[in-house]
Amino acid sequence: MQQQPYEPSGAQAREEAPRILVVDDDPTVAEVVAGYLDRAGYAVDRADDGPTALTRAAAHRPDLVVLDLMLPGMDGLEVCRRIRGQGPVPVIMLTARGDEDDRILGLEVGADDYVTKPFSPRELVLRVESVLRRSRPADTGHRLRAAGLTLDPAARRATKHGAELALTLREFDLLSFFLRHPGRAFGREDLMREVWGWDFGDLSTVTVHVRRLRGKVEDDPARPRLIQTVWGVGYRFEPTEGET
């Protein structure tokens, strides 16, 4: 896996650099994260609590939010809900090691990725770049259609029977991958590599995103017909016969 850091050139590039909002009440962590992101060429804004984060996100819409789960007053889950309620924006959660339930909750409310503390700032920068790269509209790519679903990769827009689907970045990419490979079974490791772009990671991330995606595309998520579980393997997308 090769990840190329974002490298702006000149003052104009700096002004046009992706804006990252770092939200953490630990000043040391926030300073280190902001410093690494700044040196990587990003425009960085900071907030040390939920209300301040919401105010700054409303004033200057970030391209991505690095969000600590444990914040005073308003926790990161609520901040994530409210920021995403203002419009789609990628979110990377910072969580304490071992808090698996909290990490899953973060994914459930729409976080695109998470990093556990203590973490390598360099790894975080690479994850930021990975998420941003996948959030950019595709230069090429025809619309994908199956089972009443239509995906426009260039516009990053998805509909079901003409109704807009509110998908997160990862949900969109996951559905796009399934639509491109109908009838094939993929393990969670395969999906982590192909959709997330990582050769390692917590596979429960894939499980949570599949469950969330089923909730948005299936007529009956409790009895999924499109995204089927293949026991001992993973998942398979099965479009309705005649609608492929």
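All values derive from a computational prediction rather than experimental measurement.

The rules behind the values
- Residues numbered from 1 in each chain as written.
- Predicted model: local features only at pLDDT ≥ 70, side-chain atom pairs only at ≥ 80, totals over all residues.
- Heavy atoms only, no water.
- Helix = DSSP H or I, 4+ residues; strand = E, 2+ residues; numbered from the N terminus.
- Buried < 20%, exposed > 50% of the residue type's maximum accessible area, 1.4 Å probe, protein only.
- Contact = heavy atoms within 4.5 Å.
- Areas by Shrake-Rupley, 256 points an atom, 1.4 Å probe, with all protein chains shown as cover.
- Axes fitted to C-alpha atoms, helices over the stretch in contact; angles between N-to-C directions.
- Parallel < 35°, antiparallel > 145°, perpendicular 65-115°, else oblique.
- Nonpolar A, V, L, I, M, F, W, Y, C, P; charged D, E, K, R; others polar.
- pLDDT = per-residue confidence, 0-100.
- Core = buried A, V, L, I, M, F, W, Y, C linked by side-chain atoms within 4.5 Å.
- Pairing = 2+ DSSP bridges.

S.K.: What exactly am I supposed to notice about the overall build of the protein here?
M.R.: Scanning the protein for helices and strands turns up nine helices and 12 strands. Within the span of the protein, comprising 244 residues, buried residues form 49% of the whole. Restricting to contacts in the protein with at least 6 residues of sequence separation, those with at least 24 account for 59%. In the structure as shown, the protein presents an accessible area of about 11900 Å², 47% of it carried by carbon and sulfur atoms.

S.K.: What should I look at first to understand the packing of helix 8 (residues 188-196) against helix 9 (residues 204-217) in this one?
M.R.: Axis angle and axis distance: for two packed helices, these are the angle between their axes and the distance between the axes, and together they describe the pair. At a minimum axis separation of 9 Å, helix 8 and helix 9 run at an interaxial angle of 80 degrees. Relative to helix 9, helix 8 is oriented roughly perpendicular. Between helix 8 and helix 9, the contacting residues are R188, L191, M192 and W196 on the first element and S204, T205, V206, T207 and H209 on the second. Looking at the contact of helix 8 with helix 9 residue by residue, the class counts come to four nonpolar, four polar and one charged.

S.K.: How do you make sense of unusual backbone geometry when you look at a structure like this?
M.R.: Of all residues except glycine, most have a negative phi; of all peptide bonds, most are trans. Between K117 and the following residue, P118, the backbone shows a cis peptide bond with an omega angle of -5 degrees. With respect to the helices and strands, P118 occurs in the loop between strand 5 (113-117) and helix 6 (121-135). In this structure, R156 takes a positive phi of about 50 degrees despite not being glycine. Within the secondary structure, R156 is located in the loop between strand 7 (149-152) and strand 8 (157-160). For R156, a relative accessible area of 22% gives the class partly exposed. We note that H161 has phi near 50 degrees; this positive angle belongs to a residue other than glycine. Here H161 shows up in the loop between strand 8 and strand 9 (163-164).

S.K.: Please explain the confidence of the model for the protein as it appears in this structure.
M.R.: In low-pLDDT regions, the fine details of the predicted coordinates are not to be read closely. On average, residues of the protein score 84 in pLDDT, and 86% of them are at 70 or above. Low pLDDT, under 50, characterises residues 1-14; the stretch is placed with 27 contacts to residues that sit more than four places away or in other chains.

S.K.: Help me understand the nonpolar core in this model?
M.R.: L175, F178, L191, L213, I227 and F237 are the most contacted members of the largest nonpolar core, which totals 28 residues. Counting only elements with at least two residues in this core, the list comes to strand 6 (144-146), strand 7, helix 7 (169-180), helix 8, helix 9 and strand 12 (234-237). In terms of residue count, helix 7 provides more of this core than any other element does, six residues in total. For L175, the contacting residues outside a window of four places in its chain are L149, L151, L167, L213 and V217. Ranked by size, the runner-up nonpolar core spans 23 residues in total, among them L54, V91, L107 and V208.

S.K.: Would you mind going over the sheet that holds strand 1 (residues 19-23) with me for this structure?
M.R.: Within a sheet, neighbouring strands are paired by backbone hydrogen bonds and run either parallel or antiparallel to one another. Here we have five strands laid out as an open sheet, ordered 2-1-3-4-5, and parallel in their pairing. Every interior strand has two partners, whereas the edge strands, strand 2 (43-47) and strand 5, have only one. Here the average twist between neighbouring strands, direction ignored, is 20 degrees. The sheet contact formed by strand 1 and strand 3 (residues 64-68) spans four bridges and is parallel. In the sheet register, V23 faces strand 3, and the bridge partner there is L67. Across the sheet, helix 2 (residues 27-39) is in contact with strand 1 and strand 2; its angle to strand 2 comes to roughly 170 degrees. Docked against the sheet, helix 4 (residues 76-85) engages strand 3 and strand 4 (91-96), running at close to 160 degrees with respect to strand 3.

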